[in-house]
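Structural characterization, general
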Amino acid sequence: MGVTDVSNKLVRETGLFGALVIGLGSIIGTGAYVSVGLSAEIAGSGIVFAILIAAATALMNGLSSAQLAAAHPVSGGTYEYGYQFLNPLSGRIAGILFVVAKSASAATAALAVAWYISLSISVPFWVVNFIAVGLLLMFTVLVLAGVRRTNWLNSLLVLVSLLGLVTFIAAGFSERDAQEIVVSVSSPLSLFHAAALMFVAFTGYGRIATMGEEIRAPRQNIPKAVIITLAFISAIYISVGLTILHMGGISSFEQSNFNIAHLIADPNWRWVVIIGGLVAMSSVVLNLILGVSRVILAMARRGDLPNRIAVLSTDNKSAPAATWLTFAVMSLIATLGGVKTAWTLSAFTVLIYYGITNIAALKVPPAQRFIPKWVSILGILGCFGLVLLAAIA
């Protein structure tokens, strides 16, 4: 097994604000602009309940992730936690699951952006996948420029993304012909299936944990960033869900091909939301390339992947080989799958991944704990329960 070189470490240059931006940038795109639509197709008017179930599960997992990241602040997320607190096999499985799940999420976001572009300029169907791969290539190059430059870009992307969502919510609730909000559940299995898809939309907090090696004062900043990010994004998703119901319910949303911008009558406001969606999903791609590459870096350091993949740049601010491998995996998924297929793959793999996260959190020594064990137990039940119920549905 490979031995980690202590001198081969990434520079700690990201503070609390930077960690928050990274978390929001990893979550807000496909969650608000894609996942709500896919989940609404399944849960109908029960979409708000699906969001709440996903948020509660994410909170348990987020606290477990924060606990682990504070106790063992290195790059790699549950891959490293599995090794540290469970066993090598658990770590390897977690590493593979993370790479697949988050690569699928990034592919989903890239494909969604490609569809937005293709519909605007009327390009052939078969070109969509190539546009998605081109987007992945562009952001791979940006990530290789170093995390500090990426953080500045993250701040801009998150700001524009939030502007688009705030515009959608404001425009939606100002519609004169809007309907009264009616929230109901027609099928419990459909509800949990939708919640499983929505859960992926919350998992950007894991992106914060995977950068444990690059965040300053990780024991303080990682838990704070995870909790603040989850609270903020939960409010956003619920607001978007309520707005969809207010603007005519799920039937109108289905007719819009799950593009929330098409629900807005005013063309000026609609374009603000479209731009916000494109920027938000691009932000997801950017952050996930960085997050997945850090897990691949950790796997290479341990010898689970070829050691040459662990080589850093001369200034120790990027991992070129790991980043290019990340691009290759994401591009393969984007080439072979569609939006719904890629998102479903991400949902099932990430739930199992976070099940392992919660199991590892139970093994943190009492002296290092700041959350009770029942939080992680609920997280385990939530993850594996959603996988089972979604599979039955």
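To keep things clear, this report deals only with the structure shown in the data block. The structure displayed is predicted, hence computed values, not measured ones.

All right, on to the packing of helix α3 (residues 78-86) against helix α11 (residues 267-302) then. Where α3 contacts α11, the two axes come as close as 9 Å, and the packing angle between them is 40°. It follows that α3 is oblique to α11 by the angle criterion. Residues Tyr79, Glu80 and Tyr83 of α3 pack against Val295, Ala298, Met299 and Arg302 of α11. Within the contact of α3 with α11, the residues separate by chemical class into 5 nonpolar, no polar and 2 charged.

In this model helix α7 (residues 188-200) runs 19 Å from its N-terminal to its C-terminal C-alpha over 13 residues, within 8% of the 18 Å that 1.5 Å per residue would give. Buried residues of α7: Leu191, Ala194, Ala195, Ala196, Leu197, Met198, Phe199 and Val200, and no others.

We now examine the environment of Arg302. Note that Arg302 resides in helix α11. Linking Arg302 and Tyr83, residues 219 residues apart in sequence, is a C-alpha distance of 9.8 Å.

In terms of nonpolar packing, the biggest core is built from 126 residues, with Ile47, Phe168, Met198, Phe202 and Tyr237 touching the most fellow members. Counting residues per element, this core draws most heavily on α11, at 18 residues. When near neighbours in sequence (up to four residues on either side) are disregarded, Met198 contacts Ser35, Val36, Ser39, Ile47, Ala50, Ile51, Ala54 and Tyr237.

Moving on: the environment of Ile356. Along the polypeptide, Ile356 turns up in helix α13 (residues 339-361). For Ile356, a relative accessible area of 11% translates into the label buried. With 266 residues separating them in the primary sequence, Ile356 and Ser90 have C-alpha atoms 7.4 Å apart. Leave out the neighbours within four places in its chain, and Ile356 touches Thr78, Leu86, Ser90, Ile93, Ala94 and Leu97.

What follows is about the packing of aromatic side chains. By convention here, two paired aromatic rings are described through the distance between centres and the angle between planes. Evaluated as defined, the whole model comprises 6 aromatic pairs. Their ring planes at 70° and their centres at 5.3 Å tell us that Tyr79 and Tyr83 sit as a pair that is edge-to-face. Of the two residues, Tyr79 and Tyr83 both sit in helix α3, 4 residues apart, roughly one turn of that helix. We note that Tyr79, like Tyr83, is buried. For the ring pair Phe199 and Tyr354, a centre distance of 6.0 Å and an interplane angle of 85° mean the geometry is edge-to-face.

Over its 20 residues, helix α14 (residues 373-392) runs 29 Å from end to end, which matches the ideal 28 Å to within 8%, given 1.5 Å per residue. Burial in α14 covers these residues: Val375, Ser376, Gly379, Ile380, Gly382, Cys383, Leu386, Val387 and Ala390. Seen along its axis, α14 keeps its buried residues to an arc of 160°; they face one direction. Residues of α14 that are exposed and angled more than 90 degrees away from the buried face: Trp374, Leu381, Leu388 and Ile392. Lining the buried residues of α14 we find α2 (47-71), α7 and α13.

This part takes up the packing of α2 against α7. At a minimum axis separation of 8 Å, α2 and α7 run at an interaxial angle of 50°. In terms of orientation, α2 and α7 fall into the oblique class. As for how α2 packs across α7, the hand of that crossing is right-handed. Each of Ile47, Phe49, Ala50, Ile51, Ile53, Ala54, Thr57, Ala58 and Asn61 in α2 lies in contact with α7, whose residues at this interface are Leu191, Phe192, Ala194, Ala195, Met198 and Phe199. For the contact of α2 with α7, the residue count by class is 13 nonpolar, 2 polar and no charged.

The final tally for this structure, using the stated rule, is 2 salt bridges. For Glu80, the salt bridge identified is with Arg302, shortest N-O distance 2.9 Å. Residue Glu80 is located in helix α3, and its partner Arg302 is located in helix α11; the two are separated by 222 residues in the primary sequence. Since its relative accessible area comes to 8%, Glu80 is described here as buried. The partner of Arg92 in a salt bridge is Asp304, and the shortest N-O contact between them spans 3.0 Å. Within this pair, whereas Arg92 is found in helix α4 (residues 88-121), its partner Asp304 is found in the loop between α11 and α12 (320-336), the two being separated by 212 residues in sequence.

What follows covers the environment of Phe168. In this fold, Phe168 is placed in helix α6 (residues 147-173). In the structure, Phe168 is positioned 75 residues away from Thr243 in sequence and 8.0 Å away in space, judged by C-alpha atoms. For Phe168, the contacting residues outside a window of four places in its chain are Val240, Thr243, Ile244, Met247, Ile260, Leu263, Ile264 and Val273.

Each value, and the rule that gives it
Residues numbered from 1 in each chain as written. Predicted model: local features only at pLDDT ≥ 70, side-chain atom pairs only at ≥ 80, totals over all residues. Heavy atoms only, no water. Axes fitted to C-alpha atoms, helices over the stretch in contact; angles between N-to-C directions. Helix = DSSP H or I, 4+ residues; strand = E, 2+ residues; numbered from the N terminus. Parallel < 35°, antiparallel > 145°, perpendicular 65-115°, else oblique. Contact = heavy atoms within 4.5 Å. Nonpolar A, V, L, I, M, F, W, Y, C, P; charged D, E, K, R; others polar. Expected span 1.5 Å × (residues − 1). Buried < 20%, exposed > 50% of the residue type's maximum accessible area, 1.4 Å probe, protein only. Core = buried A, V, L, I, M, F, W, Y, C linked by side-chain atoms within 4.5 Å. Phe/Tyr/Trp six-rings, centres within 6.5 Å; stacked < 30°, edge-to-face > 60°. Arc of directions from axis to C-beta. Left-handed = near helix turned anticlockwise from the far one by under 90°. Salt bridge = Lys/Arg side-chain N within 4 Å of Asp/Glu carboxyl O.

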